2 protein chains.
Amino acid sequence: MSQEKPLILIANDDSIYSKGIRVLTEIMSEMGEVVVVAPDTHQSGMGHAITLGAPLRVSQTKDFGPNILSYKCSGTPADCVKFGKHHILKGRKIDLVVSGINHGSNASISVLYSGTMSAAIEAAMEGIPAIGFSLCEYGSDADFSHCHDYVIKIAQKVLAHGLPKGLTLNVNFPAKSEVPIKGIKVAKQADAVYREYFEERKDPYNQPYYWMDGDLHNEDVNNGTDLDALAENYVSIVPIKYDMTDYAELAVMQSWDL
Amino acid sequence: MSQEKPLILIANDDSIYSKGIRVLTEIMSEMGEVVVVAPDTHQSGMGHAITLGAPLRVSQTKDFGPNILSYKCSGTPADCVKFGKHHILKGRKIDLVVSGINHGSNASISVLYSGTMSAAIEAAMEGIPAIGFSLCEYGSDADFSHCHDYVIKIAQKVLAHGLPKGLTLNVNFPAKSEVPIKGIKVAKQADAVYREYFEERKDPYNQPYYWMDGDLHNEDVNNGTDLDALAENYVSIVPIKYDMTDYAELAVMQSWDL
(Lines give C-alpha, C1' and ligand atoms only; values in the text may rest on other atoms or scores of the structure.)
Protein backbone atom coordinates (compact mmCIF):
# COMPACT_ATOMS: atom_id res chain seq x y z
CA MET A 1 0.00 0.00 0.00
CA SER A 2 2.63 2.50 1.00
CA GLN A 3 4.39 1.99 -2.33
CA GLU A 4 1.27 3.23 -4.14
CA LYS A 5 1.14 6.44 -2.13
CA PRO A 6 2.54 9.51 -3.86
CA LEU A 7 5.71 10.97 -2.36
CA ILE A 8 5.13 14.60 -1.41
CA LEU A 9 7.84 17.07 -0.33
CA ILE A 10 6.68 20.07 1.69
CA ALA A 11 8.48 23.40 2.19
CA ASN A 12 7.57 26.98 3.05
CA ASP A 13 9.11 30.33 3.95
CA ASP A 14 7.41 31.15 7.27
CA SER A 15 9.59 28.48 8.96
CA ILE A 16 8.92 24.98 10.19
CA TYR A 17 7.29 26.44 13.31
CA SER A 18 4.47 28.24 11.48
CA LYS A 19 0.84 27.20 11.58
CA GLY A 20 0.52 27.21 7.79
CA ILE A 21 3.00 24.38 7.20
CA ARG A 22 1.44 22.38 10.03
CA VAL A 23 -1.98 22.67 8.39
CA LEU A 24 -0.58 21.82 4.94
CA THR A 25 1.28 18.78 6.30
CA GLU A 26 -1.86 17.46 7.97
CA ILE A 27 -3.82 17.83 4.75
CA MET A 28 -1.17 16.26 2.52
CA SER A 29 -0.77 13.33 4.93
CA GLU A 30 -4.27 12.30 3.89
CA MET A 31 -3.01 11.91 0.32
CA GLY A 32 0.48 10.49 0.41
CA GLU A 33 3.83 9.91 2.06
CA VAL A 34 4.98 13.26 3.32
CA VAL A 35 8.48 14.63 3.95
CA VAL A 36 8.94 18.15 5.33
CA VAL A 37 12.07 20.28 4.81
CA ALA A 38 11.55 23.85 5.98
CA PRO A 39 13.61 26.82 7.14
CA ASP A 40 14.47 27.07 10.84
CA THR A 41 13.78 30.83 10.77
CA HIS A 42 11.37 33.18 9.04
CA GLN A 43 12.38 33.59 5.37
CA SER A 44 9.57 35.76 4.02
CA GLY A 45 10.57 38.00 1.12
CA MET A 46 13.61 35.86 0.36
CA GLY A 47 12.56 35.39 -3.25
CA HIS A 48 14.61 32.80 -5.08
CA ALA A 49 17.69 33.31 -2.90
CA ILE A 50 20.05 30.36 -2.46
CA THR A 51 22.93 29.97 -0.05
CA LEU A 52 26.28 30.42 -1.83
CA GLY A 53 29.61 30.60 -0.06
CA ALA A 54 28.31 29.33 3.27
CA PRO A 55 27.38 25.86 4.49
CA LEU A 56 23.92 24.71 5.59
CA ARG A 57 22.87 23.20 8.90
CA VAL A 58 20.10 20.64 8.67
CA SER A 59 18.65 18.50 11.45
CA GLN A 60 15.76 16.16 11.89
CA THR A 61 12.80 17.30 14.01
CA LYS A 62 9.90 15.56 15.68
CA ASP A 63 7.55 18.51 15.27
CA PHE A 64 5.14 16.65 13.01
CA GLY A 65 4.85 13.51 15.11
CA PRO A 66 6.48 10.09 14.85
CA ASN A 67 5.09 9.21 11.40
CA ILE A 68 6.34 12.17 9.41
CA LEU A 69 9.96 12.65 8.41
CA SER A 70 10.78 16.31 8.93
CA TYR A 71 13.90 18.47 8.83
CA LYS A 72 14.70 22.06 9.69
CA CYS A 73 17.29 23.84 7.56
CA SER A 74 19.32 26.99 8.11
CA GLY A 75 18.97 27.95 4.44
CA THR A 76 16.41 29.58 2.19
CA PRO A 77 13.16 28.02 0.91
CA ALA A 78 14.85 27.16 -2.40
CA ASP A 79 17.74 25.55 -0.47
CA CYS A 80 15.20 23.39 1.40
CA VAL A 81 13.81 21.97 -1.85
CA LYS A 82 17.31 21.36 -3.24
CA PHE A 83 18.36 19.60 -0.02
CA GLY A 84 15.16 17.56 0.07
CA LYS A 85 15.53 16.40 -3.51
CA HIS A 86 19.28 15.94 -3.80
CA HIS A 87 20.15 14.70 -0.31
CA ILE A 88 17.26 13.45 1.82
CA LEU A 89 15.23 11.90 -1.01
CA LYS A 90 18.18 11.26 -3.33
CA GLY A 91 17.29 8.55 -5.84
CA ARG A 92 13.56 8.58 -5.09
CA LYS A 93 10.93 10.01 -7.44
CA ILE A 94 9.10 12.93 -5.85
CA ASP A 95 5.54 13.11 -7.18
CA LEU A 96 4.64 16.56 -5.90
CA VAL A 97 6.19 19.50 -4.07
CA VAL A 98 3.85 21.77 -2.14
CA SER A 99 4.87 24.96 -0.39
CA GLY A 100 3.03 26.97 2.26
CA ILE A 101 0.40 27.52 3.30
CA ASN A 102 1.88 31.01 3.36
CA HIS A 103 0.71 33.50 5.97
CA GLY A 104 -0.08 36.35 3.57
CA SER A 105 -0.92 36.80 -0.11
CA ASN A 106 1.49 35.84 -2.87
CA ALA A 107 -0.81 37.06 -5.63
CA SER A 108 0.25 39.52 -8.33
CA ILE A 109 3.92 40.56 -8.37
CA SER A 110 4.44 39.17 -4.85
CA VAL A 111 5.23 35.91 -6.62
CA LEU A 112 8.68 37.38 -7.38
CA TYR A 113 9.47 38.28 -3.76
CA SER A 114 7.98 35.16 -2.23
CA GLY A 115 10.14 32.46 -0.68
CA THR A 116 7.11 30.18 -0.62
CA MET A 117 6.59 30.47 -4.37
CA SER A 118 10.32 30.21 -5.09
CA ALA A 119 10.42 26.86 -3.26
CA ALA A 120 7.67 25.64 -5.59
CA ILE A 121 9.33 27.17 -8.67
CA GLU A 122 12.63 25.51 -7.67
CA ALA A 123 10.83 22.15 -7.80
CA ALA A 124 9.44 22.97 -11.25
CA MET A 125 12.98 23.77 -12.41
CA GLU A 126 13.86 20.23 -11.33
CA GLY A 127 10.95 18.84 -13.35
CA ILE A 128 8.69 18.11 -10.36
CA PRO A 129 5.00 19.18 -10.37
CA ALA A 130 4.70 21.93 -7.77
CA ILE A 131 2.10 24.10 -6.08
CA GLY A 132 2.51 27.11 -3.80
CA PHE A 133 -0.42 27.83 -1.45
CA SER A 134 -0.97 31.18 0.26
CA LEU A 135 -3.68 32.69 2.43
CA CYS A 136 -4.54 36.40 2.22
CA GLU A 137 -4.06 36.82 5.96
CA TYR A 138 -0.80 37.48 7.77
CA GLY A 139 -1.63 36.62 11.39
CA SER A 140 0.40 33.82 12.97
CA ASP A 141 -2.85 32.21 14.15
CA ALA A 142 -4.69 32.72 10.83
CA ASP A 143 -7.76 30.57 10.15
CA PHE A 144 -6.98 28.06 7.37
CA SER A 145 -10.12 25.93 7.85
CA HIS A 146 -11.72 26.93 4.53
CA CYS A 147 -8.60 25.89 2.58
CA HIS A 148 -8.73 22.14 3.28
CA ASP A 149 -11.09 20.96 0.55
CA TYR A 150 -9.50 23.19 -2.09
CA VAL A 151 -5.96 22.05 -1.25
CA ILE A 152 -7.09 18.43 -1.63
CA LYS A 153 -8.93 19.12 -4.88
CA ILE A 154 -6.09 21.05 -6.52
CA ALA A 155 -3.38 18.61 -5.38
CA GLN A 156 -5.42 15.63 -6.59
CA LYS A 157 -5.90 17.29 -9.98
CA VAL A 158 -2.15 17.87 -10.29
CA LEU A 159 -1.33 14.31 -9.24
CA ALA A 160 -3.87 13.01 -11.79
CA HIS A 161 -3.09 15.35 -14.73
CA GLY A 162 0.56 16.07 -13.97
CA LEU A 163 1.84 19.49 -14.96
CA PRO A 164 3.76 20.39 -18.12
CA LYS A 165 7.52 20.71 -17.52
CA GLY A 166 8.36 24.08 -16.05
CA LEU A 167 4.93 24.90 -14.66
CA THR A 168 4.09 25.84 -11.06
CA LEU A 169 0.67 26.77 -9.69
CA ASN A 170 0.39 29.92 -7.57
CA VAL A 171 -2.73 29.32 -5.45
CA ASN A 172 -4.10 32.07 -3.22
CA PHE A 173 -7.02 31.77 -0.79
CA PRO A 174 -9.18 34.69 0.34
CA ALA A 175 -9.03 35.28 4.09
CA LYS A 176 -11.69 33.44 6.06
CA SER A 177 -14.88 35.50 6.35
CA GLU A 178 -18.64 35.21 6.67
CA VAL A 179 -18.88 35.12 2.89
CA PRO A 180 -18.53 31.62 1.44
CA ILE A 181 -15.80 30.94 -1.15
CA LYS A 182 -17.40 31.04 -4.61
CA GLY A 183 -15.07 28.50 -6.24
CA ILE A 184 -11.77 28.52 -8.13
CA LYS A 185 -10.66 30.87 -10.91
CA VAL A 186 -7.64 30.33 -13.14
CA ALA A 187 -6.19 33.80 -13.60
CA LYS A 188 -3.22 35.83 -14.78
CA GLN A 189 -0.68 37.56 -12.53
CA ALA A 190 -2.01 41.07 -11.86
CA ASP A 191 0.39 43.83 -12.94
CA ALA A 192 0.21 45.80 -9.69
CA VAL A 193 3.05 47.87 -8.24
CA TYR A 194 4.38 48.47 -4.73
CA ARG A 195 4.59 52.17 -3.88
CA GLU A 196 7.29 52.24 -1.27
CA TYR A 197 8.61 54.79 1.17
CA PHE A 198 11.47 54.74 3.64
CA GLU A 199 11.05 56.09 7.13
CA GLU A 200 14.29 57.45 8.56
CA ARG A 201 14.95 56.98 12.28
CA LYS A 202 17.99 57.57 14.44
CA ASP A 203 19.55 54.87 16.61
CA PRO A 204 20.71 55.63 20.20
CA TYR A 205 24.08 56.68 18.74
CA ASN A 206 22.38 59.22 16.46
CA GLN A 207 23.04 57.19 13.32
CA PRO A 208 20.27 56.84 10.71
CA TYR A 209 18.47 53.67 9.74
CA TYR A 210 15.53 53.13 7.42
CA TRP A 211 12.31 51.15 7.57
CA MET A 212 10.84 50.24 4.20
CA ASP A 213 7.08 50.23 3.97
CA GLY A 214 4.66 50.39 1.08
CA ASP A 215 1.33 49.48 -0.39
CA LEU A 216 0.36 47.41 -3.38
CA HIS A 217 -1.43 49.55 -5.95
CA ASN A 218 -3.40 47.76 -8.63
CA GLU A 219 -4.66 49.41 -11.77
CA ASP A 220 -4.81 46.09 -13.63
CA VAL A 221 -8.48 45.56 -12.72
CA ASN A 222 -11.33 43.63 -14.39
CA ASN A 223 -8.72 41.92 -16.48
CA GLY A 224 -8.91 38.28 -15.42
CA THR A 225 -6.23 38.68 -12.76
CA ASP A 226 -5.60 36.85 -9.52
CA LEU A 227 -6.41 40.04 -7.59
CA ASP A 228 -9.77 40.28 -9.40
CA ALA A 229 -10.58 36.67 -8.48
CA LEU A 230 -9.62 37.15 -4.82
CA ALA A 231 -11.64 40.38 -4.61
CA GLU A 232 -14.70 38.38 -5.70
CA ASN A 233 -13.94 35.73 -3.04
CA TYR A 234 -12.67 33.07 -5.42
CA VAL A 235 -9.59 30.94 -4.86
CA SER A 236 -7.12 32.11 -7.53
CA ILE A 237 -4.70 29.89 -9.46
CA VAL A 238 -2.04 31.42 -11.69
CA PRO A 239 -0.03 29.00 -13.85
CA ILE A 240 3.56 30.25 -13.47
CA LYS A 241 6.52 29.45 -15.71
CA TYR A 242 10.17 30.01 -14.87
CA ASP A 243 11.08 30.71 -18.47
CA MET A 244 11.11 34.50 -18.21
CA THR A 245 11.88 35.07 -21.92
CA ASP A 246 9.58 37.60 -23.54
CA TYR A 247 9.14 35.83 -26.89
CA ALA A 248 7.10 38.63 -28.49
CA GLU A 249 9.85 41.11 -27.68
CA LEU A 250 12.54 38.65 -28.78
CA ALA A 251 11.01 38.77 -32.28
CA VAL A 252 10.81 42.58 -32.20
CA MET A 253 14.42 42.93 -31.08
CA GLN A 254 15.70 40.91 -34.03
CA SER A 255 15.06 44.08 -36.05
CA TRP A 256 17.18 46.24 -33.75
CA ASP A 257 20.47 47.07 -35.42
CA LEU A 258 22.72 45.39 -32.85
CA MET B 1 23.85 70.65 -20.56
CA SER B 2 23.55 68.57 -17.41
CA GLN B 3 19.76 68.71 -17.68
CA GLU B 4 19.95 66.93 -21.02
CA LYS B 5 21.97 64.06 -19.62
CA PRO B 6 20.03 60.91 -18.84
CA LEU B 7 19.80 59.97 -15.16
CA ILE B 8 21.22 56.49 -14.64
CA LEU B 9 20.93 54.45 -11.44
CA ILE B 10 23.51 51.68 -10.96
CA ALA B 11 23.27 48.63 -8.69
CA ASN B 12 24.78 45.14 -8.51
CA ASP B 13 25.03 42.10 -6.23
CA ASP B 14 28.79 41.64 -5.89
CA SER B 15 28.89 44.71 -3.59
CA ILE B 16 29.99 48.28 -4.08
CA TYR B 17 33.62 47.16 -3.66
CA SER B 18 33.67 44.88 -6.72
CA LYS B 19 35.54 45.60 -9.92
CA GLY B 20 32.45 45.01 -12.09
CA ILE B 21 30.45 47.93 -10.69
CA ARG B 22 33.50 50.18 -10.89
CA VAL B 23 33.88 49.36 -14.59
CA LEU B 24 30.16 49.82 -15.24
CA THR B 25 30.10 53.16 -13.43
CA GLU B 26 33.04 54.45 -15.47
CA ILE B 27 31.34 53.45 -18.70
CA MET B 28 27.95 54.89 -17.79
CA SER B 29 29.55 58.16 -16.68
CA GLU B 30 30.38 58.73 -20.35
CA MET B 31 26.65 58.69 -21.11
CA GLY B 32 24.82 60.42 -18.30
CA GLU B 33 24.44 61.51 -14.70
CA VAL B 34 25.20 58.47 -12.61
CA VAL B 35 24.03 57.53 -9.09
CA VAL B 36 25.28 54.30 -7.49
CA VAL B 37 23.39 52.38 -4.77
CA ALA B 38 24.93 48.99 -4.10
CA PRO B 39 25.13 46.40 -1.32
CA ASP B 40 27.87 46.76 1.31
CA THR B 41 28.48 43.00 1.25
CA HIS B 42 28.44 40.23 -1.34
CA GLN B 43 24.83 39.37 -2.28
CA SER B 44 25.30 36.79 -5.02
CA GLY B 45 22.50 34.25 -5.29
CA MET B 46 20.11 36.50 -3.39
CA GLY B 47 17.53 36.33 -6.16
CA HIS B 48 14.69 38.80 -5.72
CA ALA B 49 15.01 38.88 -1.92
CA ILE B 50 13.92 42.06 -0.15
CA THR B 51 14.45 43.02 3.48
CA LEU B 52 11.26 42.61 5.49
CA GLY B 53 11.04 42.96 9.24
CA ALA B 54 14.45 44.59 9.64
CA PRO B 55 15.67 48.11 8.93
CA LEU B 56 18.30 49.13 6.39
CA ARG B 57 21.54 51.01 6.93
CA VAL B 58 22.55 53.28 4.07
CA SER B 59 25.49 55.66 3.93
CA GLN B 60 27.18 57.81 1.32
CA THR B 61 30.59 56.74 0.04
CA LYS B 62 33.37 58.46 -1.86
CA ASP B 63 34.49 55.30 -3.62
CA PHE B 64 33.65 56.60 -7.09
CA GLY B 65 35.33 59.99 -6.76
CA PRO B 66 33.97 63.44 -6.02
CA ASN B 67 31.66 63.68 -9.05
CA ILE B 68 29.55 60.57 -8.53
CA LEU B 69 26.90 60.26 -5.88
CA SER B 70 27.23 56.80 -4.38
CA TYR B 71 25.72 54.90 -1.46
CA LYS B 72 26.34 51.55 0.19
CA CYS B 73 23.34 49.72 1.58
CA SER B 74 23.02 46.86 4.05
CA GLY B 75 20.15 45.33 2.05
CA THR B 76 19.70 43.20 -1.03
CA PRO B 77 20.16 44.26 -4.66
CA ALA B 78 16.38 44.78 -5.02
CA ASP B 79 16.40 46.89 -1.81
CA CYS B 80 19.13 49.07 -3.36
CA VAL B 81 16.96 49.87 -6.39
CA LYS B 82 13.93 50.57 -4.19
CA PHE B 83 15.97 52.85 -1.93
CA GLY B 84 17.53 54.60 -4.91
CA LYS B 85 14.19 55.26 -6.58
CA HIS B 86 11.97 56.00 -3.58
CA HIS B 87 14.40 57.79 -1.28
CA ILE B 88 17.61 59.10 -2.85
CA LEU B 89 16.10 60.04 -6.24
CA LYS B 90 12.56 60.57 -4.99
CA GLY B 91 10.64 62.78 -7.41
CA ARG B 92 13.21 62.57 -10.20
CA LYS B 93 12.69 60.59 -13.41
CA ILE B 94 15.24 57.81 -13.73
CA ASP B 95 15.95 57.14 -17.41
CA LEU B 96 17.80 53.86 -17.02
CA VAL B 97 18.79 51.35 -14.35
CA VAL B 98 21.84 49.20 -15.05
CA SER B 99 23.07 46.39 -12.83
CA GLY B 100 26.44 44.65 -12.75
CA ILE B 101 28.74 44.04 -14.39
CA ASN B 102 28.34 40.74 -12.60
CA HIS B 103 31.36 38.56 -11.92
CA GLY B 104 29.94 35.33 -13.37
CA SER B 105 27.30 34.27 -15.87
CA ASN B 106 23.62 35.02 -15.35
CA ALA B 107 22.56 33.22 -18.51
CA SER B 108 19.93 30.46 -18.60
CA ILE B 109 18.08 29.76 -15.32
CA SER B 110 20.69 31.68 -13.33
CA VAL B 111 18.50 34.72 -14.03
CA LEU B 112 16.19 33.44 -11.26
CA TYR B 113 18.95 33.16 -8.63
CA SER B 114 20.75 36.34 -9.60
CA GLY B 115 20.72 39.39 -7.38
CA THR B 116 22.15 41.41 -10.27
CA MET B 117 19.26 40.51 -12.55
CA SER B 118 16.70 40.98 -9.77
CA ALA B 119 17.92 44.55 -9.27
CA ALA B 120 17.25 45.19 -12.95
CA ILE B 121 13.90 43.37 -12.86
CA GLU B 122 12.90 45.42 -9.80
CA ALA B 123 13.44 48.56 -11.89
CA ALA B 124 11.29 47.13 -14.69
CA MET B 125 8.54 46.46 -12.13
CA GLU B 126 8.72 50.20 -11.37
CA GLY B 127 8.38 51.03 -15.07
CA ILE B 128 12.05 52.00 -15.60
CA PRO B 129 14.04 50.63 -18.57
CA ALA B 130 16.62 48.28 -17.12
CA ILE B 131 19.59 46.17 -18.17
CA GLY B 132 21.57 43.58 -16.23
CA PHE B 133 25.13 42.98 -17.44
CA SER B 134 27.17 39.88 -16.56
CA LEU B 135 30.54 38.47 -17.56
CA CYS B 136 31.12 34.73 -17.83
CA GLU B 137 34.09 34.90 -15.48
CA TYR B 138 34.00 34.78 -11.70
CA GLY B 139 37.43 36.09 -10.73
CA SER B 140 37.49 39.25 -8.61
CA ASP B 141 40.05 40.76 -11.02
CA ALA B 142 38.22 39.62 -14.17
CA ASP B 143 39.04 41.37 -17.46
CA PHE B 144 36.07 43.50 -18.56
CA SER B 145 37.93 45.40 -21.31
CA HIS B 146 36.01 43.78 -24.19
CA CYS B 147 32.65 44.78 -22.68
CA HIS B 148 33.01 48.57 -22.99
CA ASP B 149 31.79 49.14 -26.55
CA TYR B 150 28.90 46.68 -26.18
CA VAL B 151 27.71 48.22 -22.92
CA ILE B 152 27.67 51.65 -24.60
CA LYS B 153 25.89 50.34 -27.71
CA ILE B 154 23.19 48.43 -25.82
CA ALA B 155 22.57 51.22 -23.29
CA GLN B 156 22.34 53.81 -26.09
CA LYS B 157 19.83 51.63 -27.94
CA VAL B 158 17.68 51.33 -24.84
CA LEU B 159 17.87 55.07 -24.14
CA ALA B 160 16.90 55.75 -27.77
CA HIS B 161 14.19 53.06 -28.23
CA GLY B 162 13.01 52.81 -24.64
CA LEU B 163 11.79 49.38 -23.54
CA PRO B 164 8.17 48.20 -23.37
CA LYS B 165 6.77 48.29 -19.80
CA GLY B 166 7.86 45.23 -17.86
CA LEU B 167 10.88 44.36 -19.95
CA THR B 168 14.47 43.88 -18.72
CA LEU B 169 17.48 42.89 -20.80
CA ASN B 170 19.69 40.07 -19.53
CA VAL B 171 23.06 40.71 -21.21
CA ASN B 172 25.90 38.21 -20.83
CA PHE B 173 29.44 38.63 -22.15
CA PRO B 174 31.79 35.75 -22.99
CA ALA B 175 34.95 35.72 -20.89
CA LYS B 176 37.86 37.60 -22.44
CA SER B 177 39.90 35.35 -24.71
CA GLU B 178 42.10 35.36 -27.79
CA VAL B 179 38.99 34.88 -29.91
CA PRO B 180 37.29 38.15 -30.86
CA ILE B 181 33.62 38.66 -29.94
CA LYS B 182 31.50 37.91 -33.02
CA GLY B 183 28.69 40.37 -32.24
CA ILE B 184 25.38 40.35 -30.38
CA LYS B 185 22.64 37.72 -30.47
CA VAL B 186 19.13 38.16 -29.10
CA ALA B 187 18.28 34.79 -27.59
CA LYS B 188 15.92 32.87 -25.36
CA GLN B 189 16.66 31.71 -21.80
CA ALA B 190 18.21 28.23 -22.07
CA ASP B 191 16.29 25.56 -20.16
CA ALA B 192 19.30 24.10 -18.38
CA VAL B 193 19.26 22.49 -14.93
CA TYR B 194 21.61 22.53 -11.95
CA ARG B 195 22.54 19.04 -10.80
CA GLU B 196 23.39 19.59 -7.18
CA TYR B 197 24.99 17.56 -4.45
CA PHE B 198 25.61 18.19 -0.78
CA GLU B 199 28.91 17.36 0.82
CA GLU B 200 28.56 16.50 4.50
CA ARG B 201 31.35 17.57 6.86
CA LYS B 202 31.68 17.55 10.62
CA ASP B 203 32.48 20.66 12.64
CA PRO B 204 35.02 20.54 15.54
CA TYR B 205 32.12 19.56 17.84
CA ASN B 206 31.26 16.59 15.61
CA GLN B 207 28.07 18.19 14.30
CA PRO B 208 27.25 17.91 10.59
CA TYR B 209 27.09 20.74 8.10
CA TYR B 210 26.58 20.68 4.34
CA TRP B 211 28.21 22.40 1.37
CA MET B 212 26.03 22.68 -1.70
CA ASP B 213 27.77 22.34 -5.03
CA GLY B 214 26.58 21.53 -8.51
CA ASP B 215 26.97 21.92 -12.24
CA LEU B 216 24.75 23.45 -14.87
CA HIS B 217 23.67 20.80 -17.36
CA ASN B 218 22.25 22.01 -20.64
CA GLU B 219 20.35 19.82 -23.05
CA ASP B 220 18.58 22.81 -24.60
CA VAL B 221 21.20 23.14 -27.35
CA ASN B 222 21.09 24.56 -30.89
CA ASN B 223 17.81 26.16 -29.98
CA GLY B 224 18.50 29.89 -30.14
CA THR B 225 19.42 30.11 -26.47
CA ASP B 226 21.71 32.44 -24.58
CA LEU B 227 24.04 29.51 -23.84
CA ASP B 228 24.24 28.75 -27.57
CA ALA B 229 25.14 32.37 -28.32
CA LEU B 230 27.81 32.50 -25.61
CA ALA B 231 29.31 29.19 -26.73
CA GLU B 232 29.77 30.74 -30.18
CA ASN B 233 31.44 33.81 -28.59
CA TYR B 234 28.53 36.19 -29.11
CA VAL B 235 27.24 38.65 -26.50
CA SER B 236 23.78 37.28 -25.57
CA ILE B 237 20.72 39.40 -24.82
CA VAL B 238 17.57 37.77 -23.44
CA PRO B 239 14.49 40.02 -23.17
CA ILE B 240 13.06 39.14 -19.74
CA LYS B 241 9.56 39.85 -18.45
CA TYR B 242 8.44 39.72 -14.84
CA ASP B 243 4.94 38.58 -15.76
CA MET B 244 5.48 34.88 -15.05
CA THR B 245 1.97 33.84 -16.17
CA ASP B 246 1.99 30.91 -18.58
CA TYR B 247 -0.78 32.13 -20.90
CA ALA B 248 -0.85 28.98 -23.02
CA GLU B 249 -1.37 26.87 -19.91
CA LEU B 250 -3.90 29.35 -18.54
CA ALA B 251 -6.08 28.61 -21.58
CA VAL B 252 -5.59 24.84 -21.15
CA MET B 253 -6.48 24.96 -17.47
CA GLN B 254 -9.81 26.63 -18.16
CA SER B 255 -10.95 23.17 -19.25
CA TRP B 256 -9.91 21.55 -15.97
CA ASP B 257 -12.98 20.78 -13.88
CA LEU B 258 -12.09 22.97 -10.90
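Everything discussed here concerns the structure shown above.
Values in this document were obtained by computation on a predicted structure and should not be read as measured data.

*Asks:* Sorry if this is basic, but what is going on with the overall build of chain A here?
*Replies:* Helices and strands together make up the secondary structure of chain A, namely 7 helices and 11 strands. Rg of the C-alpha trace for chain A: 19 Å, near the compact-globule value of 18 Å for 258 residues, within the 12% margin. Within chain A, contacts between residues separated by at least 24 positions form 76% of all contacts whose residues are at least 6 apart in sequence.

*Asks:* How should I be thinking about the pairing of strand β4 (residues 69-73) of chain A in this particular structure?
*Replies:* Along any regular strand, the residues point their side chains to alternate faces of the sheet. All names here are of chain A. Where strand β2 (residues 33-39) and β4 come together, 5 bridges link them in parallel fashion. By the bridge assignment for β4, A38 is matched with K72. Here strand β3 (residues 58-61) runs beside β4; their pairing, made up of 4 bridges, is antiparallel. From the neighbouring strand, T61 faces β4, where its bridge partner is S70.

*Asks:* How do you make sense of the relation of the copies chain B and chain A when you look at a structure like this?
*Replies:* Superposition of the two copies of the chain requires a rotation about an axis together with a shift along that axis. Its rotation angle being 180 degrees, the transformation that places chain B on chain A also includes 0.0 Å of axial translation and leaves an RMSD of 0.0 Å. This pairing of chains is accounted for by a two-fold axis. Here 100% of the contact residues of chain B are again contact residues in chain A; the copies associate through an equivalent surface.

*Asks:* Any chance you could explain the packing of helix α1 (residues 19-29) of chain A against helix α5 (residues 148-161) of chain A here in plain terms?
*Replies:* To describe two helices that pack against each other, one gives the angle between their axes and the distance between the axes. Residues and elements named next belong to chain A. With their axes 10 Å apart at the nearest point, α1 and α5 run at an angle of 55 degrees to one another. Classed by the angle they form, the pair α1 and α5 counts as oblique. Between α1 and α5 lies a crossing whose hand is right-handed. Seen from α1, the contacting residues are L24, I27 and M28; seen from α5, they are H148, V151, I152 and A155. Grouping the amino acids of the contact of α1 with α5 by side-chain chemistry returns 6 nonpolar, 1 polar and no charged.

*Asks:* What's the story with the sheet that holds strand β8 (residues 184-186) of chain A in this structure? I'm lost.
*Replies:* All names here are of chain A. Judged by pairing direction, the sheet is mixed, and its 9 strands sit side by side in the order β3-β4-β2-β1-β5-β6-β7-β11-β8 without closing on themselves. Strand pairing shows two members of the sheet lacking a second neighbour, β3 and β8, which therefore form its edges. Each neighbouring strand pair of the sheet contributes to a mean axis angle of 25 degrees, computed without reference to strand direction. The sheet contact formed by strand β5 (residues 96-103) and strand β6 (residues 130-135) spans 5 bridges and is parallel. Opposite S99, over in β6, you have G132 as the bridge partner. With respect to the sheet, helix α2 (residues 77-88) is in contact with β1 (7-11), β2, β3, β4 and β5, its orientation differing from that of β2 by roughly 135 degrees.

What counts and how
- Residues numbered from 1 in each chain as written.
- Chains lettered and ligands numbered in written order.
- Predicted model: local features only at pLDDT ≥ 70, side-chain atom pairs only at ≥ 80, totals over all residues.
- Helix = DSSP H or I, 4+ residues; strand = E, 2+ residues; numbered from the N terminus.
- Rg over C-alpha atoms; globule rule 2.2 N^0.38 Å.
- Contact = placed C-beta atoms within 7 Å.
- Pairing = 2+ DSSP bridges.
- Least-squares fit on C-alpha atoms with pLDDT ≥ 70 in both.
- Axes fitted to C-alpha atoms, helices over the stretch in contact; angles between N-to-C directions.
- Parallel < 35°, antiparallel > 145°, perpendicular 65-115°, else oblique.
- Left-handed = near helix turned anticlockwise from the far one by under 90°.
- Nonpolar A, V, L, I, M, F, W, Y, C, P; charged D, E, K, R; others polar.

Limitation: the analysis is restricted to geometry and does not speak to function.
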